[in-house]
Amino acid sequence: MNEIICPNCHKAFKVDEAGFADILKQVRDHEFEEEIQNRLALAEREKENAVRLAEANLKNTLQEQLVKKDKELADIKARKEIELSQKLAEKDTELLQLKARIDHGEMEKKMAVSEATKKIEKERDDLANTLKIKETEKELQKKTLTEQYLNELREKDAIIKHKDEEIALRKDMKMRLSTKMLGETLEQHCEIEFNKLRATAFQKAYFEKDNNASGGSKGDYIYKENDDAGNEIISIMFEMKNKGDETSTKKKNEDFLKELDKDRTDKKCEYAVLVSLLEADNEYYNTGIVDVSYKFAKMYVVRPQFFIPIITLLRNAAMNSMQYKSELALVRSQNIDITNFEEKMNKFKEGFARNYDLASRKFKDAIDGIDKTIKELEKTKQALLSSENNLRLANEKTDDLTIKKLTQGNPTMKAKFDELDKR
């Protein structure tokens, strides 16, 4: 509440915000200025009227007194001329006093009008200053809100940029499937991974770049391993495709399979493996070791982290197969007991099952490590679990492998089995 003193009655009264705003409006209004001027003019007219009234009253009084005095003078003219002079002097003094009173009254009116005008002007100036302060506060508040809004926009832009960078990082991590590249290229990475185990796990293996392009094309690496007798255990043609190796016509993994199959055939390799970072968002290839032999014989597509496991898996299967081949050759040459041969085949399957169990445990350890370090890469865990499923399927295929199926269409072996059944 604001306190205002009435310039007329000099009483103080309080005005609320609405009344205060109304007075402010009046101060700013042209009509309020006209009212001031009208009041000043009215005060001036009242002053003039008062002066004229005082002068008229004074004149009337003086006239009456003069008439009375003239009569008195006429009565005492003969008696006291000196006394008349004194009386006239007294009257002149009274007249001067009356004029002084009139002048003083006029001065008081002027001072009252001036004081009232000053009060009104002061109130007007105070209201104008208050309005100016309010407008300044409004501008400051507007500026503060604008800066706050801009800061929030900048923060949101920074958050969006950070999220975009994080998404790009996650996509790159997903593409690499938690494989930390050990070299500048995928080929260098695979070579480094292999060389880390060459001295312990692959002492008799051959793993080098394929530099022979006599057939018109060449793969990236050839893996070969022979037994002590010089018989080939396994051979694999490897092709590495990094992100950025796409061409205008070849952008998917399957676009490179036909040429890889040709390189495998030309170089007389038993298996072909495409190690690829292409199609990073394709869940089919992110499941682990993908068997594409339905398109090209003995061909697989793997992500970089399955480079060593695919070699180990195919190598162990090939070694067991070599043992089986040797046993089968011995059966043919020495006509050994088929029952004993069946037992050795069961041992082969048991050995393969053990290899599967070891691989499964290793994959489980890898899954546990990924769960502890990178929770965000849950899909990698699923990929590893899918690899375990592929190994299980491979083991089931091996369980389904029997001597009878292997010797189907062989009359000699069929006769041996028929003889065995009669017993």
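Residues numbered from 1 in each chain as written. Predicted model: local features only at pLDDT ≥ 70, side-chain atom pairs only at ≥ 80, totals over all residues. Heavy atoms only, no water.

**Quick notes on the overall build of the chain**
Argument step 1. A tally of regular secondary structure across the chain gives eleven helices and eight strands.
Argument step 2. Expressed as a percentage of its 423 residues, the buried residues of the chain come to 29%.
Argument step 3. When the accessible surface of the chain is totalled, it reaches about 27,900 Å², and 52% of it is carbon and sulfur. (Helix = DSSP H or I, 4+ residues; strand = E, 2+ residues; numbered from the N terminus. Buried < 20%, exposed > 50% of the residue type's maximum accessible area, 1.4 Å probe, protein only. Areas by Shrake-Rupley, 256 points an atom, 1.4 Å probe, with all protein chains shown as cover.)

**Observations regarding the sheet that holds strand E4 (residues 221–226)**
In a beta sheet, neighbouring strands pair by backbone hydrogen bonds and run either parallel or antiparallel.
Argument step 1. Read across the sheet, six strands follow the order E3-E4-E5-E6-E8-E7 without closing on themselves; strand pairing throughout is mixed. The outermost strands of the open sheet, each flanked by one partner alone, are strand E3 (205–209) and strand E7 (290–291).
Argument step 2. Looking at chain direction, strand E5 (residues 232–241) and strand E6 (residues 271–276) are connected through six bridges and run parallel. Paired with Glu 239 across the two strands is Leu 274, which belongs to E6.
Argument step 3. In this fold helix H4 (residues 186–201) packs onto E3, E4, E5 and E6, with an angle of close to 160° to the strand it touches most, E3.
Argument step 4. Contacts from helix H5 (residues 257–266) reach E5, E6 and strand E8 (299–302), with the element oriented near 140° to E6. (Pairing = 2+ DSSP bridges. Contact = heavy atoms within 4.5 Å. Axes fitted to C-alpha atoms, helices over the stretch in contact; angles between N-to-C directions.)

**Let's talk about the packing of aromatic side chains**
Argument step 1. Applying the stated criterion across every chain yields a total of ten aromatic pairs.
Argument step 2. Its end group placed over the ring of Tyr 271, Lys 298 keeps NZ or CZ at 5.4 Å from the ring centre. (Phe/Tyr/Trp six-rings, centres within 6.5 Å; stacked < 30°, edge-to-face > 60°. Lys NZ or Arg CZ within 6 Å of the ring centre and 35° of its normal.)

**Things to note about the pattern of salt bridges**
Argument step 1. This structure, assessed with the given rule, holds 16 salt bridges.
Argument step 2. Note that Glu 225 is salt-bridged to Arg 315, the shortest N-O span being 2.6 Å. Placement of Glu 225 in strand E4 and of Arg 315 in helix H7 (residues 307–334) is noted, with a sequence separation of 90 residues between them. Arg 315 matches Glu 225 in its accessibility class, with the two residues each being buried.
Argument step 3. Residues joined by salt bridges that share partners form a network here, namely Glu 44, Lys 47, Glu 106 and Lys 110. (Salt bridge = Lys/Arg side-chain N within 4 Å of Asp/Glu carboxyl O.)

**Focus: H4**
Argument step 1. Helix length check: H4 (16 residues) gives 21 Å between terminal C-alpha atoms against 22 Å at 1.5 Å per residue, within 8%.
Argument step 2. Asn 195 marks where H4 bends most, by close to 25°.
Argument step 3. Taken residue by residue, H4 has Leu 186, His 189, Cys 190 and Phe 194 as its buried positions. (Expected span 1.5 Å × (residues − 1). Bend = angle between axes of the 7 residues up to and from the residue.)

**With respect to the pairing of E4**
Argument step 1. The pairing of E3 with E4 spans five bridges and is classified as antiparallel. Among the inter-strand pairings, Ala 205 is bridged to a residue of E4, identified as Glu 225.
Argument step 2. Bridging between E4 and E5 involves six bridges; their strand directions are antiparallel. Its bridge partner being in E5, Tyr 223 is matched across the sheet by Ile 236.
Argument step 3. Remark: five residues form the turn of the hairpin made by E4 and E5, two consecutive strands paired antiparallel; Gly 230 in that turn has positive phi of roughly 90°.

**Let's talk about H5**
Helical geometry: 3.6 residues make up each α-helical turn, so side chains three or four residues apart lie on a common side.
Argument step 1. Taken together, the buried positions of H5 are occupied by Leu 257, Leu 260, Asp 261, Asp 263 and Arg 264. The buried side chains of H5 occupy one side of the element, clustering within an arc of 160° when seen end-on.
Argument step 2. Looking at the residues trailing H5, positive phi occurs at Lys 268, about 55°. (Arc of directions from axis to C-beta.)

**Structural notes on the side chain of Ser 235**
Argument step 1. Topologically, Ser 235 is positioned in strand E5.
Argument step 2. Using a relative accessible area of 0% as the deciding quantity, one classes Ser 235 as buried.
Argument step 3. Separated by 3.1 Å, the side chains of Ser 235 and Glu 232 make a polar contact.
Argument step 4. At 2.8 Å, the side chain of Ser 235 and the backbone nitrogen of Glu 270 are in polar contact. (Polar contact = N/O pair within 3.5 Å; in protein donor to acceptor, adjacent residues only side chain to side chain.)

**Focus: the nonpolar core**
Argument step 1. Within the largest apolar cluster, 28 residues are counted, with the highest numbers of intra-cluster contacts made by Tyr 223, Phe 238, Val 273, Val 275, Phe 307 and Ile 310.
Argument step 2. The element that contributes the greatest number of residues to this core is H7, accounting for seven residues.
Argument step 3. Membership of the second largest hydrophobic core comes to 13 residues, among which are Leu 274, Val 292, Met 299 and Val 301. (Core = buried A, V, L, I, M, F, W, Y, C linked by side-chain atoms within 4.5 Å.)

**Some points on the environment of Ile 236**
Argument step 1. Looking at where Ile 236 falls in the secondary structure, it is placed in strand E5.
Argument step 2. Sequence separation of Ile 236 and Val 273 is 37 residues, and the distance between their C-alpha atoms is 7.0 Å.

So yeah, pure geometry; function would need other evidence.
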